[in-house]
Amino acid sequence: MMTHAAYDCDVLVIGGGIVGLSAAYALTRTAPGTRVTVLEKERAPALHQTGRNSGVIHSGIYYPPGSLKARYALRGAAEMVDFCRDHGIAHAVTGKLIVATDRAELPRLHALVQRGREHGLPVRELGPAQIAEYEPRVRGLAAIRVGTTGVCDFRAVAGRLADEVRGAGGLIRLGAEVTAIDRRPWGVAVRTADGLVVRARVLVNCAGLHCDRVARLAGDDPGMRIVPFRGEYYELARPELVRGLVYPVPDPAFPFLGVHLTRGHDGSVHVGPNAVPAAAREGYGWPVVRPRELLDTLAWPGSWRIARRHWRYGAGEVHRSLSKGAFTQAVRRLLPGVTEDDLRPSPAGVRAQAVLRDGTLVDDFLIREAPHTVHVLNAPSPAATASLPIGREVARRALLRARAAGWKPPTLESVE
């Protein structure tokens, strides 16, 4: 058995996005004195999913009661607003409209009303005239308003979490890409690209777009693969066309919310995203192709099963990606007055979507455990909203793993 001094840290977190930083933050607060290190391969935290999303604090209305997404989004939305207020981070609780533009969408809209009420959310049903009271330029047959939706600067939230971790004695190493993981009876040893070796009692995998690869490096079969979907955005040249947040009625067959309009914390209005397969884990544009990552996606049977099952939907997304006119037409369903000239390209994001071998798109958050290890294997939207409760859950599991290995972390009783 290794001595305490032989470990470089007690818990090692791979991934400096908002989920990894929230887990590190929760560890330092739940069990003060626990030595925490975060390894992030980029030059700064939160440069991928966290820093490239639409900045929406989701209400939780879309998610089935009892799911992790519902539980954590409902709790996380309120906590995120409190965190932003307490730390002076730009945010606003604006509410949002979910708008039906076709009669076939009305039953799904009504189902969302019922779900919102089951969750205890403030949901108001609107007719066309009432829609115009909130959004004069938006058109629809009916809508619902969800009062608890908001916006914030998630990159600033991640930065504050990093500061809190450092302030509690934690270590965040940037430019530290993990290349090898050796799991032993006493814990794990992780090697980075520059030759650094970090020994820890417990490993927490919050690597986002690379979480399945990290799981395999640790010797675990995650039972899924990350299939990257690029979400492309435009910015509205006339932000006065939209007052707040406007969404279409989502298709329950897909985990994507469709093209929507988001007035951010800075007053700009973003339009999107679509969802097109990316040729790289960090494929933020069509020219970005990484052959090894693309082959990894194509070699996974689930990728082909998705393609066969949803090729019509996928073809429409690709068409809107390649044709600004087609994208504009999709936006006009909600905002008839928008023109192509109103849409200016904005940075894209990539969603780390877990896909099972049978082609199932994993819809809920997915956290799995192995000896000395906790893997976060699916944490797309609303993970930023839900990051504080997700972080606590990951921290709880990591501390219990540490105890199972024979170590008594400080104040472990508080996480049981």
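As annotated in an unreviewed UniProt entry, the protein chain is L-2-hydroxyglutarate oxidase from Streptomyces castrisilvae. Per UniProt, the protein chain carries the Sequence similarities (unreviewed entry) text "Belongs to the L2HGDH family." The UniProt entry for the protein chain carries the following text under Cofactor (unreviewed entry): "FAD".

**Some words on the overall build of the protein chain**
Looking only at helices and strands, the protein chain has 11 helices and 20 strands in total. The C-alpha atoms of the protein chain give a radius of gyration of 22 Å, which matches the 22 Å a tight globule of 416 residues would have. When burial is assessed residue by residue, the protein chain has 55% of its 416 residues classed as buried. Contacts in the protein chain between residues far apart in sequence, at least 24 positions, make up 73% of those at least 6 positions apart. Accessible surface, the protein chain: about 17,100 Å² in total, of which carbon and sulfur atoms supply 52%. Once the 55 positive and 41 negative side-chain charges of the protein chain are each reduced to a mean point, those two points are 2 Å apart.

**Details of the environment of G175**
Relative to the assigned elements, G175 resides in the loop between β9 (171-174) and β10 (178-184). Exposure remark for G175: the relative accessible area of 43% places this residue in the partly exposed category. Sequence separation of G175 and D194 is 19 residues, and the distance between their C-alpha atoms is 8.8 Å. Excluding anything up to four places from it in sequence, G175 contacts E40, K41, E42 and D194.

**Side note on the pattern of salt bridges**
This structure, assessed with the given rule, holds 28 salt bridges. Among the salt bridges present, the one from K41 reaches E282, with a minimum N-O distance of 2.8 Å. One end of the pair, K41, is in the loop between β2 (36-40) and β3 (56-57); the other, E282, is in the loop between β17 (276-277) and α7 (291-299), with 241 residues separating them in the sequence. Accessibility expressed as a relative area gives 27% for K41, which makes it partly exposed. Close ionic contact of E164 with R160 constitutes a salt bridge, the shortest N to O distance being 2.7 Å. Here E164 and its partner R160 are both found in helix α5 (residues 154-167), four residues apart, which amounts to about one turn of the helix. The exposure class of R160 is partly exposed, given its relative accessible area of 30%. The structure contains a network of salt bridges with shared partners spanning K41, E42, E282, R290 and E293.

**Section: the packing of aromatic side chains**
Applying the stated criterion to the full structure yields six aromatic pairs. Relative to Y63, the ring of Y62 lies with its centre 6.1 Å away and its plane at 70 degrees, an arrangement referred to as edge-to-face. Accessibility assignment for this pair places Y62 and Y63 in one class, buried. A centroid spacing of 6.4 Å and a plane angle of 15 degrees characterise the contact between Y72 and F365, whose relative ring orientation is stacked. A residue pair is termed long-range when its members are at least 10 positions apart, and Y72 in helix α2 (residues 68-87) and F365 in the loop between β18 (343-356) and β19 (366-370) qualify at 293 residues. F365 shares its class with Y72; the two are buried.

**Some details on the nonpolar core**
In terms of nonpolar packing, the biggest core is built from 49 residues, with V13, M80 and V157 touching the most fellow members. It is helix α1 (residues 18-30) that provides the largest number of residues to this core, a total of eight residues.

**A word on the packing of α2 against α5**
Running from amino to carboxyl end, α2 crosses α5 at an angle of 70 degrees, the nearest separation of the two axes being 11 Å. By the angle between their axes, α2 is roughly perpendicular relative to α5. Where α2 abuts α5, its residues M80, F83, C84 and H87 lie against F154, V157, R160, L161 and E164. Split into classes, the residues belonging to the contact of α2 with α5 amount to six nonpolar, one polar and two charged.

The rules behind these values
Residues numbered from 1 in each chain as written. Predicted model: local features only at pLDDT ≥ 70, side-chain atom pairs only at ≥ 80, totals over all residues. Heavy atoms only, no water. UniProt positions renumbered as here; feature names shortened; annotations may be inferred. Helix = DSSP H or I, 4+ residues; strand = E, 2+ residues; numbered from the N terminus. Rg over C-alpha atoms; globule rule 2.2 N^0.38 Å. Buried < 20%, exposed > 50% of the residue type's maximum accessible area, 1.4 Å probe, protein only. Contact = heavy atoms within 4.5 Å. Areas by Shrake-Rupley, 256 points an atom, 1.4 Å probe, with all protein chains shown as cover. Lys, Arg positive; Asp, Glu negative; His and termini not counted. Charge placed at Lys NZ, Arg CZ, Asp CG, Glu CD. Salt bridge = Lys/Arg side-chain N within 4 Å of Asp/Glu carboxyl O. Phe/Tyr/Trp six-rings, centres within 6.5 Å; stacked < 30°, edge-to-face > 60°. Core = buried A, V, L, I, M, F, W, Y, C linked by side-chain atoms within 4.5 Å. Axes fitted to C-alpha atoms, helices over the stretch in contact; angles between N-to-C directions. Parallel < 35°, antiparallel > 145°, perpendicular 65-115°, else oblique. Nonpolar A, V, L, I, M, F, W, Y, C, P; charged D, E, K, R; others polar.

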